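# An overview of the molecular structure
What follows is the residue order along each chain.
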Amino acid sequence: MTTTTTAEVGGKTVALGRAAQQLELKRGEFDLAVQLGLVRTVREDLNARPRVAQEEIERIRSAEGFPEVLRERVRVVGTAEASQLLAVPAHRFTRLARGGHFTPVKCYLNRYRAVVWLYLAEELTDLALRHPQLLNDRQLPKETLARLGAGEDRRPRNWRGRRAAMLLQQTEDPWERAAGIASALDAAHLAEVVTDPYERAYLTRLRPETVRVGPDSPAAREIIERLQLAQDPDEVLWYRMDLAQHLSLARSTRPAPRPMWERPVIDAAATTRPAHVPAPAASSGTLELKRSELLQREPKESGREPAGVGSVGARSAWGEPAGGRPVEARAGHGRLRRGLARLRRPRTAARSTTTAP
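Before going into details, it helps to say that this report is about the structure given with it. Since the structure is predicted, the reported quantities are computational estimates derived from the model, not experimental observations.

Reading the values: rules and limits
- Residues numbered from 1 in each chain as written.
- Predicted model: local features only at pLDDT ≥ 70, side-chain atom pairs only at ≥ 80, totals over all residues.
- Heavy atoms only, no water.
- Helix = DSSP H or I, 4+ residues; strand = E, 2+ residues; numbered from the N terminus.
- Buried < 20%, exposed > 50% of the residue type's maximum accessible area, 1.4 Å probe, protein only.
- Contact = heavy atoms within 4.5 Å.
- Areas by Shrake-Rupley, 256 points an atom, 1.4 Å probe, with all protein chains shown as cover.
- Core = buried A, V, L, I, M, F, W, Y, C linked by side-chain atoms within 4.5 Å.
- Pairing = 2+ DSSP bridges.
- Salt bridge = Lys/Arg side-chain N within 4 Å of Asp/Glu carboxyl O.
- Phe/Tyr/Trp six-rings, centres within 6.5 Å; stacked < 30°, edge-to-face > 60°.
- 1 Å grid on protein atoms, 1.4 Å probe; cavity = no way out; pocket = protein on both sides within 12 Å on 5 of 7 lines; lining within 4 Å.
- Points joined across faces, edges and corners; volume = space filled by probe spheres on them.
- Nonpolar A, V, L, I, M, F, W, Y, C, P; charged D, E, K, R; others polar.
- Polar contact = N/O pair within 3.5 Å; in protein donor to acceptor, adjacent residues only side chain to side chain.

## Here we look at the overall build of the chain
- Along the chain, the regular secondary structure elements total 19 helices and seven strands.
- Residues classed as buried in the chain amount to 37% of the 357 residues present.
- Here the contacts in the chain between residues at least 6 apart in sequence split such that 71% fall between residues at least 24 apart.
- Accessible surface, the chain: about 21800 Å² in total, of which carbon and sulfur atoms supply 53%.

Rendered as structure tokens:
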């Protein structure tokens with residue numbers, strides 16, 4: 001399987017447009033070649049645009065039959081050209097395609113906003129050689145007749161499955177692969193499978209671009225976006241289960257990015273502290289403990305009421321509003337400074353201190 005490599009890119013690389021020119025392909029043909037894995041792309045990281053190594057271009061150009069063989073492998077045909085290629089009536093080819101025997105590889109909207117399906121010419125010829133009875137028998141298979149009788153059209157479903165397979169083939173990153181599967185589910189089903197909002201946001205960020213079809217208009221984009229979403233209950237269940245598996249692998253590789261305030265905080269001190277050693281007291285509790293010690297020791301030394309016991313002193317000593325009494329506030333601060341100074345000096349003998357209140 002050919003994949004897109006996300007790694008440190010070494011050597012010369014070129015942009016996708018330049019690579020298409022060197023491979024003598026139109027841009028649509030080149031994009032399809034990348035999706036089919038015929039051209040390998042590389043990226044330095046998930047935020048960088050894919051590029052093509054010059055070594056890869058030289059490998060393709062040196063192949064036998066370049067560029068005709070490469071062009072033939074990416075040639076697509078519509079219903080009219082496909083019926084001519086297989087030598088069957090156009091209505092029979094349409095019924096076979098609606099019954100699920102031919103899988104589209106691309107689509108576009110015509111001027112009437114009707115979906116036009118395109119098929120790989122190489123696949124049609126291979127299938128005709130392997131199953132000639134589909135083209136030669138006048139009667140369609142019973143399973144096909146049952147689907148057509150029920151009004152079922154398998155082309156959109158087959159196209160979605162093929163698109164999911166091509167998206168998985170283009171990258172090795174687990175989160176990008178999960179985003180490719182998630183693009184086939186609507187918002188309600190996605191929220192049920194991915195309950196973490198940050199993981200859903202990450203999948204949306206990595207979501208592949210919507211298929212570009214003409215004409216480019218809001219109505220056309222709405223049709224294509226709806227076409228990319230799974231419809232049948234069994235199809236929806238398949239994508240949900242596949243997404244759950246890819247999401248489990250992505251989580252084991254790395255977590256989805258989230259804001260700093262949402263990340264778990266690891267206390268290094270708590271992880272290294274022995275179990276029998278209690279955690280240190282909070283800073284506010286430590287401040288209250290020193291304050292109470294100061295208030296208990298000052299009366300023993302000065303024989304006076306400690307600073308902060310009176311209503312005015314309490315507000316003044318700890319910096320609270322003094323109620324319009326600045327002199328007492330300054331006195332309270334002075335008593336606090338003297339008390340702190342006594343605590344810093346060694347207690348060799350009790351001394352009596354007389355200070356002016």
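## Section: the nonpolar core
- In terms of nonpolar packing, the biggest core is built from 25 residues, with Leu86, Phe93, Phe102, Tyr119 and Leu124 touching the most fellow members.
- Setting aside residues up to four positions removed in sequence, Leu86 forms contacts with Phe93, Phe102, Leu124, Thr125, Ala128 and Leu135.
- Of all hydrophobic cores here, the second largest spans 22 residues; its members include Ala184, Leu185, Leu203 and Val236.

## Let's talk about the pairing of strand S6 (residues 106–109)
- Of the two faces of S6, the one holding Cys107 and Leu109 is buried and the one holding Lys106 and Tyr108 is not buried anywhere.
- Strand direction decides the pairing type here: S6 and strand S7 (residues 115–120), joined by four bridges, are antiparallel. Residue pairing in the sheet places Tyr108 in a bridge with Val116 of S7.
- The antiparallel hairpin formed by S6 and S7 contains five residues in its connecting segment, where Arg113 sits at a positive phi of about 60 degrees.

## Regarding the pattern of salt bridges
- By the definition in use, this model includes 20 salt bridges.
- A salt bridge links Arg75 to Glu72, with the shortest nitrogen-to-oxygen separation between them at 3.4 Å.
- Residue Arg155 pairs with Asp153 through a salt bridge whose shortest N-O separation is 2.9 Å.
- Note on Asp153: relative accessible area 26%, which makes it partly exposed.
- Through salt bridges with shared partners, a single ionic network connects Arg40, Glu56 and Arg59.

## Some remarks on the packing of aromatic side chains
- Applying the stated criterion across every chain, the model contains five aromatic pairs.
- The interplanar angle of 85 degrees and the centroid separation of 5.2 Å between the aromatic rings of Phe93 and Tyr119 together place this pair among those described as edge-to-face. Here the residue Phe93 occupies a position in helix H6 (residues 90–98), and Tyr119 occupies one in strand S7, the gap between them amounting to 26 residues.
- A relative accessible area of 1% means that Phe93 is categorised as buried.

## Quick word on the layout of surface pockets
- Approximately 1400 Å³ is the volume found for the largest pocket.
- Gln35, Gln170, Pro208, Glu209 and Arg212 are, among the 40 residues lining the largest pocket, the residues nearest its centre.
- For the lining of the largest pocket, the secondary-structure elements that each account for two or more residues are helix H1 (16–22), helix H2 (27–35), S6, helix H10 (155–169) and helix H11 (174–182).
- At six residues, H2 tops the list of elements feeding residues into the lining of the largest pocket.
- Residue composition of the lining of the largest pocket, by class: 19 nonpolar, ten polar and eleven charged.

## Things to note about H11
- Here H11 lies mainly inside the structure; eight of its nine residues are buried.
- Within the span of H11, buried status applies to Pro174, Trp175, Glu176, Ala178, Ala179, Gly180, Ile181 and Ala182.
- Where H11 is buried, its residues touch strand S3 (42–43), H10, helix H12 (187–193), helix H13 (197–205) and helix H15 (233–253).
- Here H11 starts with a cap whose side-chain oxygen sits 3.2 Å from the backbone nitrogen of Trp175, and that cap is Asp173.

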